[in-house]
Amino acid sequence: MITLALAGKPNCGKSTFFKAATMANAEIANYPFTTINPNFGVGYVRTKCPCRELNLTCGQCVDGNRFVPVNLIDVAGLVPDAHKGKGLGNQFLDHLRQADAILHIVDASGGTDSEGNPVGVGTHDPVGDIKFLGFEMTMWVYGILDKHWAKLYRQAQVKGFSIQQGVAEIFTGLGITPEDVRDVEIALKIELVHAKMEDLVPFCAEIVKISKPMLVVGNKFDEAPQTLRIKLAELHVSFASAASELALRNAAAAHIIKYLPGDSQFVVQNEAALSAVQKAGLAKIAGVMKQCNGTGVQQVVNRAVFELLDMIVVYPVEDENHYCDKKGQILPDAFLMKKGSTPHDLAFQVHTDIGKGFLYAVDARIKMRVKESHLLKDGDIIRIVSAAK
Ligand SMILES: Nc1nc2c(ncn2[C@@H]2O[C@H](COP(=O)(O)OP(=O)(O)O)[C@@H](O)[C@H]2O)c(=O)[nH]1
Ligand SMILES: [Mg+2]
């Protein structure tokens, strides 16, 4: 399963975002426990379920909206110089190791200083905070490389030793391949065998970019002054109001409003149950949603998975005529796959044995076999025929 880590300095709203995004919503969660422990939970990407266009009722989606699980990690607050062990330092960076992508939460309201202490709204410029996480991660990776460098460098002077392989092995936990290392050398016009220490910091910055794609989230959009909104928008920051999302999910769970994560607005269901304070709170949230086209929380999770990580959703079925599994469940599973995946990759994702015994695949929409080299598209419904049962 895909894992997204929520990182940033203290008090930017990571835990609020985490709580909102992992809140057990009876309607969308098939999983009994969405919060595994205080820092690890299950959130969802939202996509259109194919059942509507096929005139089917799948029982797996809400009004045609399918919620596909992703892991979320609430990485505890990171402070400048974490790579030197400040705060809880390396422990957080080790958390990040497990992530496929990082949601870097910044306080768009400018109401917290660089260490996360509350200051007046608009008094701290969040632009400076954006750079620091990348820097801390770079220095962390650099620290790991530095530990091995003398030995690697010596080995590299011997003919036949691949330094790219050696570096990739050091960073196995980050999913770095020898080809990635070579690509970075080319991009930076350096050769690691002749590299000097000062070449290694930019090298590590690139390794971080490749292995941990990052989306910057301007949280507390609801309190952000116009000047900061403009500044952050120019830097392609995605806005969110985690506090609004959390309030809406709570209100929806209490049947006060009708709201699905990612909706651009909500509908009040039980006006009489609302106090004046609640009414005012909801009115304020409605205003924020108008400016942001929703609270931004679901949008940010979707963007990380579909744009940053380039994933698609594919639906494996066992009966292509009825789009169901053996038990007759319609579109029982939704799998997140990397764009460029083939039906054979899907077979492996369903089960290693199904992958090993893969014979061919059928596109359920057109009831035709597809080539093994066929690239899966978002929304594909695929029957896999495998020797394994
Ligand atoms: N106005 C506003 N406050 C928020 C938002 N998200 C979080 N906060 C507040 O910011 C403070 C820190 O939030 P928390 O989630 O604990 O931050 P963390 O330290 O990054 O985990 C709390 O008082 C939250 O209520 C938001 O979207 N808007
Ligand atoms: Mg927290």
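Cut-offs applied
Residues numbered from 1 in each chain as written. Chains lettered and ligands numbered in written order. Predicted model: local features only at pLDDT ≥ 70, side-chain atom pairs only at ≥ 80, totals over all residues. Heavy atoms only, no water. Helix = DSSP H or I, 4+ residues; strand = E, 2+ residues; numbered from the N terminus. Buried < 20%, exposed > 50% of the residue type's maximum accessible area, 1.4 Å probe, protein only. Near = heavy atom within 4 Å. Polar contact = N/O pair within 3.5 Å; in protein donor to acceptor, adjacent residues only side chain to side chain. Areas by Shrake-Rupley, 256 points an atom, 1.4 Å probe, with all protein chains shown as cover. Domains from an automatic or database assignment. Contact = heavy atoms within 4.5 Å. Buried area = accessible area lost by both parts, 1.4 Å probe. Salt bridge = Lys/Arg side-chain N within 4 Å of Asp/Glu carboxyl O. Nonpolar A, V, L, I, M, F, W, Y, C, P; charged D, E, K, R; others polar. Pairing = 2+ DSSP bridges. Axes fitted to C-alpha atoms, helices over the stretch in contact; angles between N-to-C directions. Left-handed = near helix turned anticlockwise from the far one by under 90°. Phe/Tyr/Trp six-rings, centres within 6.5 Å; stacked < 30°, edge-to-face > 60°. Lys NZ or Arg CZ within 6 Å of the ring centre and 35° of its normal. Parallel < 35°, antiparallel > 145°, perpendicular 65-115°, else oblique.

Requested: an account of the environment of Ala254, with residues and values cited.
Position of Ala254 among the secondary structure elements: in the loop between helix 8 (242-253) and strand 8 (257-258). Given a relative accessible area of 47%, Ala254 falls into the partly exposed group. When the C-alpha positions of Ala254 and Val201 are compared, they lie 51 Å apart, and in sequence the two are 53 residues distant.

Quick rundown of the site of ligand 1? Include the residues and the values.
If you check the shell around ligand 1, you find 15 residues, and the closest are Asn11, Lys14, Ser15, Thr16 and Asp222. The side chain of Lys14 places a nitrogen or oxygen atom 2.7 Å from an oxygen atom of ligand 1. For ligand 1, a nitrogen atom lies 3.2 Å from a polar atom in the side chain of Asn219. Burial of ligand 1 by the protein chains amounts to 71% of its free accessible area of 580 Å². For the shell around ligand 1, the secondary structure elements donating two or more residues are helix 1 (14-22) and helix 8. Considering each element in turn, the shell around ligand 1 owes the most residues, three residues, to helix 1.

I'd like to hear about the domain arrangement of the protein chain, residue by residue, with values.
You can read the domains of the protein chain as domain 1 (3-131 + 214-305), domain 2 (133-207) and domain 3 (311-386). Taken together, the 17 residues of domain 1 in the interface contact 14 residues of domain 3. Taken together, both faces of the contact between domain 1 and domain 3 bury some 1,200 Å²; the carbon and sulfur share is 63%. Applying the counting criterion to the domain 1 and domain 3 interface returns one salt bridge. A salt bridge links Glu53 to Arg365; the nearest nitrogen and oxygen atoms lie 3.4 Å apart. Here domain 1 and domain 3 share four residue pairs in polar contact (both at pLDDT 80 or more) between them. Contributing elements (two or more residues each) for the side of domain 1 that touches domain 3: strand 3 (40-48) and strand 4 (65-74). Top contributing element to the side of domain 1 that touches domain 3 by residue count: strand 4, with four residues. Of the residues in the side of domain 1 that touches domain 3, the class split is 11 nonpolar, three polar and three charged.

Let's hear about the side chain of Ser238: which residues, and what values?
Relative to the helices and strands, Ser238 resides in strand 7 (residues 238-239). Given the relative accessible area of 5%, Ser238 is considered buried. Only 2.7 Å separates the side chain of Ser238 from the side chain of Arg303, close enough to count as a polar contact. Non-local contacts of Ser238, meaning those with residues more than four positions away in its chain, are made with Leu215, Val216, Val217, Gly218, Val300 and Arg303.

Can you tell me about the environment of Leu96, naming the residues and giving the values?
By the element assignment, Leu96 lies in helix 2 (residues 90-97). The sequence separation of Leu96 and Leu6 amounts to 90 residues, and the corresponding C-alpha distance is 8.8 Å. Excluding its chain neighbours within four sequence positions, the residues that come into contact with Leu96 are Ala5, Ala7, Val75, Ile102, Met137 and Lys212.

Describe the pairing of strand 3, with residues and values.
Across the nine residues of strand 3, seven count as buried, placing the element largely inside the fold. Bridge analysis of strand 3 against strand 4 gives nine bridges, and the strand direction is antiparallel. Residue pairing across strands places Thr47 opposite Arg66, the latter belonging to strand 4.

Describe the packing of helix 1 against helix 8, naming the residues involved and giving the relevant values.
Across the interface, helix 1 lies against helix 8 with an axial gap of 8 Å and an inter-helix angle of 35°. Considering only the axes of helix 1 and helix 8, their crossing is left-handed. Across the interface between the two elements, Thr16, Phe17, Lys19, Ala20, Ala21 and Thr22 from helix 1 touch Ala242, Ala243, Glu245, Leu246 and Arg249 from helix 8. Its residues placed into classes, the contact of helix 1 with helix 8 shows six nonpolar, two polar and three charged.

Go over the packing of aromatic side chains with me, naming the residues and quoting the values.
Summed over the entire model, instances satisfying the criterion amount to two aromatic pairs. With centroids separated by 5.7 Å and ring planes inclined at 45°, the aromatic side chains of Trp149 and Tyr153 adopt a geometry described as tilted. In this pair, Trp149 and Tyr153 both sit in helix 3 (residues 127-156), four residues apart, roughly one turn of the helix. Overall, Trp149 belongs to the buried group, its relative accessible area being 6%. Looking at Tyr153, the relative accessible area reads 30%, which means it is partly exposed. Between Phe221 and Phe239, the ring centres sit 5.1 Å apart and the planes meet at 50°, which makes this aromatic pair tilted. Residue Phe221 is located in the loop between strand 6 (214-219) and helix 7 (226-234), and its partner Phe239 is located in strand 7; the two are separated by 18 residues in the primary sequence. Residue Phe221 shares its accessibility class with Phe239, and that shared class is buried. Positioned above the aromatic ring of Phe221 is the side chain of Arg229, whose terminal nitrogen or guanidinium carbon lies 3.9 Å from the ring centre. It is Arg369 that lies over the ring of Tyr360; its NZ or CZ is 3.5 Å from the centre.

Break down the side chain of Thr295 for me, with residues and values.
The residue Thr295 is located in the loop between helix 9 (276-292) and helix 10 (297-308) in this model. There is a polar contact of 2.6 Å between the side chain of Thr295 and the side chain of Glu245.

Give me the lowdown on the packing of helix 3 against helix 4 (residues 163-170), citing residues and values where you can.
Remark: helix 3 packs on helix 4, axes separated minimally by 10 Å, with the N-to-C direction vectors making an angle of 155°. With respect to each other, helix 3 and helix 4 are oriented roughly antiparallel. Between helix 3 and helix 4 lies a crossing whose hand is right-handed. From helix 3, Ile144, Leu145, His148, Trp149, Leu152 and Ala156 reach across to helix 4, where they touch Ile163, Gly166, Val167 and Ile170. The residue inventory of the contact of helix 3 with helix 4, partitioned by class, reads eight nonpolar, two polar and no charged.

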